[in-house]
Structure formats: C-alpha cells, structure tokens
Amino acid sequence: LPGLKRTIAESRAERARLFQQAGLAMFRCTRDGEVTQANRAAMTLVGRRTIDDLRGAQFAAAVFEDPNGLSWLIERCLTSRTRESIETTWRRKDGGRLFVRLWAYACAPDVVEIVAEDMTRVRVLQERLGQAHRMEAVGRLGSEVAVTCGNLLTDVHQQVQQLLLSAETSAAVRQQGEQLLADVTRAAGLMRQLYAYGDEPMRTAPLANLSEVIHDLEPVLKRVAGEAVDVQLPGTSSRLNVDVGSERIERLLVNLASYGRARMPGGQLK
C-alpha cells in the first residue's frame, strides 16, 4: 500500500508538471465557470502573472468579451460528454484583444478542462487576404477603365483633329479646338500612366521566399482545408526565392486549400 500511494503521488506530480509546462494555454474550471487551475501559457496569454487575479467567477468577466460564451461551452461539454469547441474574443490585461478557439472536455463529473488556441494571427492573415482581394479587384477595374477611357479619348482626339482640318473655322474657334486637343491629349496620357501604374506591381514584384511564406501560412491553410484534409508542408527550410509578391502566393495557396476541401472528402494536400 505505501508503494501504491507513492506511485499515485508521483503520477499526480507528473501530470501537474506536464499541465504547467504545456505549450498550449490550458485551464480547468467548475460547472459554474470558476477557474481552479491555469498553466503558465494561459497566464501569459491573458497577460497575468498568477491565477489569483482570475480565480473564481472573475475569469469570464475579466477575460471574455462575451462572458456567456464560457457558460455555454461548459454546459454543452457536460451535457454531450464529448469535446466541444467555440471561437470567441478575449481581453488581455493591457487592453489588447485576442481571437481564440477553445476546446473543452469533461475530465471529471463537475470539472472541465479547456485548451485555448490563439487564432489572432490567423484572423489578421485572413483580413489581409480579404483586403488584398478587394484591392486587386479595384486595381483590375481601374486598369480596365483606364484602357477604355484612353481609347475613347484617342478617338475623340482624331475626330476633333479631322474636324479642324476639314472645316473652315475662324482663328478663335481653331484656337479653342487646339486647346481642346491639348486637353484630350493630356487626359489620354494620364490614363496611360494609370494603366501602367496598375500593371507595374506585376512586372516589378519583389523576390519572396516561398518556403517562408508557406510555413507562415500553415495555420491558415490547415483551417481552410478543414480537419478531413491532411496538409503536409515541405520539411526543408532552404531558401527558394520567386519573383512574385508574397500576397499573390498567399492568395494562390488559400485558394488551393479551399479547392481541395471542396473536392476531397478526405486526403492529403502536399
């Protein structure tokens, strides 16, 4: 019996050590949402030094922007007895906002263990990609408008020039016509500059490290592809420079992951 007690105590100490040193933020709470334990990663994530600042029912009110989210997650977890998840927003002590995904499961009849995954960087990348898509659409529209308007102005220039040459007009009218031609020529030049400027990023794209872009985009690709698709990235970290902008590579890879999710019920995306 003493040996069994010693083994149990060592096992508990080992579990406590692994809980505290886990790389992911983890905390345990009761059915009422009172936090009983939190590891170092969790305290670092919310910007606190010790759990005493969040002990008890203060955790939901101090950290969650929507305090009802924690109670909803706990209730679902205890009712289904399976792993449940929710995406919500946290507030740090310094006022910063975090977008997190919470995974919860019941490790005891009235105790729920929750793992928090920081998705803030993923959300920032998604917003950047969305903004890049919108800017690209605006740029394409601007280039098309510039080409169309440039062609129209060129036609107007030719017609006015022919009209001045063929018609018998006074010196004052001819001077006005020449001024109009100068204005049309200037406007057509501005349209050509706009088209050239819109086409310039494609022709003078800076070198991008493909390996670095892919690995930085890993969490986004896995989330877009879904749990059924296994995303496998190259293991080598050797530098591979390509003369394409990094944002275009990101859009291409995200579209590829989305296409794979839609076409494959399960599989590998290499």
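(A) Highlighting the pairing of strand E3 (residues 84-91). Bridge count between E3 and strand E4 (residues 97-108): eight bridges; the pairing is antiparallel. By the bridge assignment for E4, Thr89 is matched with Phe99. Hairpin geometry of E3 and E4 is characterised by an intervening segment of five residues between the two adjacent antiparallel strands and by a positive phi of about 95° at Gly95.

(B) Just the packing of aromatic side chains, in detail. Going through the model one piece at a time under the given rule, you end up with two aromatic pairs. Between the aromatic rings of Phe64 and Trp90, the centroid separation amounts to 5.7 Å while the plane-to-plane angle is 65°, which identifies the pairing as edge-to-face. Of this pair, Phe64 sits in the loop between helix H3 (58-63) and helix H4 (68-80) while Trp90 sits in strand E3, and the two are 26 residues apart along the sequence. Of the two residues, Phe64 and Trp90, both sit in the buried class. Among the aromatic residues, those joined into a cluster by ring pairs are Phe27, Phe64 and Trp90. The ring of Phe99 has Arg123 lying over it, and the distance from NZ or CZ to the ring centre is 3.7 Å.

(C) Quick look at the sheet that holds strand E1 (residues 25-30). The strand order across the open sheet formed by five strands is E2-E1-E5-E4-E3, and the pairing between neighbours is antiparallel. Of all strands in the sheet, those with a lone pairing partner are strand E2 (35-38) and E3, marking the two edges. When the angles between neighbouring strand axes are averaged without regard to direction, this sheet yields 30°.

(D) Spotlight on the nonpolar core. Phe59, Phe64, Trp90, Leu102, Val112 and Ile114 are the most contacted members of the largest nonpolar core, which has 28 residues in total. Residue assignment for this core shows that the elements contributing at least two residues are E1, E2, helix H2 (40-46), H3, H4, E3, E4 and strand E5 (111-118). Among the elements that take part in this core, H4 stands out by supplying five residues, more than any other. Residues in contact with Leu102, not counting those within four places in the same chain, are Phe64, Leu73, Glu84, Ser85, Ile86, Thr88, Trp90, Ile114, Val115 and Ala116. By size, the runner-up hydrophobic cluster in this structure holds 20 residues, among which are Met119, Leu125, Val213 and Val220.

(E) Seen up close, the environment of Ala225. By secondary structure assignment, the location of Ala225 is in helix H8 (residues 218-225). For the pair Ala225 and Ala262, spaced 37 residues apart in the sequence, the C-alpha separation amounts to 8.5 Å. Setting aside its immediate chain neighbours within four residues, Ala225 contacts Val231, Ala257 and Arg261.

The rules we used
Residues numbered from 1 in each chain as written. Predicted model: local features only at pLDDT ≥ 70, side-chain atom pairs only at ≥ 80, totals over all residues. Heavy atoms only, no water. Pairing = 2+ DSSP bridges. Helix = DSSP H or I, 4+ residues; strand = E, 2+ residues; numbered from the N terminus. Phe/Tyr/Trp six-rings, centres within 6.5 Å; stacked < 30°, edge-to-face > 60°. Buried < 20%, exposed > 50% of the residue type's maximum accessible area, 1.4 Å probe, protein only. Lys NZ or Arg CZ within 6 Å of the ring centre and 35° of its normal. Axes fitted to C-alpha atoms, helices over the stretch in contact; angles between N-to-C directions. Core = buried A, V, L, I, M, F, W, Y, C linked by side-chain atoms within 4.5 Å. Contact = heavy atoms within 4.5 Å.

That is the geometry; function is a separate question.
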